[in-house]
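# Survey of secondary and tertiary structure
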Amino acid sequence: MTAREYLLQIYILDRTINDKLDKIYLLKTTFYSTSGLSENERVQMSSDKDRTGNAVARIVDLEREVEGLVDRYVDLKKQVILYISQLKKQKHQFILTKRYIDYKSMRDIADELGMSERGCKKAHKKALEEISMIIKQYIVF
């Protein structure tokens, strides 16, 4: 795993958490919005005898899964912030924080720093090289 891949784990966990929260929301919305039947509607019997219980169990399982992912996300984010704070140049700290903690584009970061996008990409590459050395002190890729 490269330093960049390690740093990108924060974004990936964030997206995974949000996707699961969306799924929970959809399940809850579907579960709570069941409508009654009118007397002329035909009913098809389902082989699922405990539809309500299964839906609630699925929601609870997903919520537990999200709790675990959030714990991992918070721990990883704290660790990454600690590694970034060990970089020598503040510009490198700023670039990596904006890119991997705040999810900013290289264009936006370059604009904030008042530099060209190409120059920002070069500084980003150097910052990744430097943080790679810091991370390797703690983690074996």
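Provided above is the structure to which this section pertains.
Residues numbered from 1 in each chain as written. Predicted model: local features only at pLDDT ≥ 70, side-chain atom pairs only at ≥ 80, totals over all residues. Heavy atoms only, no water.

### Comments concerning the overall build of the chain
- When helices and strands are counted, the chain shows 5 helices and 0 strands.
- Within the chain, the fraction of its 141 residues that count as buried is 27%.
- Intrachain contacts of the chain at a sequence separation of at least 6 include 71% that bridge at least 24 residues.
- When the accessible surface of the chain is summed, it comes to about 10,000 Å², and 51% of that surface belongs to carbon and sulfur atoms. (Helix = DSSP H or I, 4+ residues; strand = E, 2+ residues; numbered from the N terminus. Buried < 20%, exposed > 50% of the residue type's maximum accessible area, 1.4 Å probe, protein only. Contact = heavy atoms within 4.5 Å. Areas by Shrake-Rupley, 256 points an atom, 1.4 Å probe, with all protein chains shown as cover.)

### Structural notes on the pattern of salt bridges
- One pass over the full model with this rule turns up 7 salt bridges.
- In this structure, the salt-bridge partner of E63 is K28, at a minimum N-O distance of 2.9 Å. Pair noted here: E63 is in helix α2 (residues 51-85) and K28 is in helix α1 (residues 3-32), with a separation of 35 residues, a long-range link.
- Accessibility expressed as a relative area gives 30% for K28, which makes it partly exposed. (Salt bridge = Lys/Arg side-chain N within 4 Å of Asp/Glu carboxyl O.)

### Considerations on the nonpolar core
- Y6, L7, V80, I84, L96 and I131 are the most contacted members of the largest nonpolar core, which has 25 residues in total.
- The element contributing the most residues to this core is α2, with 9 residues.
- Those residues in contact with I131, other than ones at most four positions away along the chain, are A3, L7, Y83, I84, L87 and L96.
- Core analysis: the next-biggest nonpolar cluster, separate from the first, contains 6 residues, I95, M106, I109 and A123 among them. (Core = buried A, V, L, I, M, F, W, Y, C linked by side-chain atoms within 4.5 Å.)

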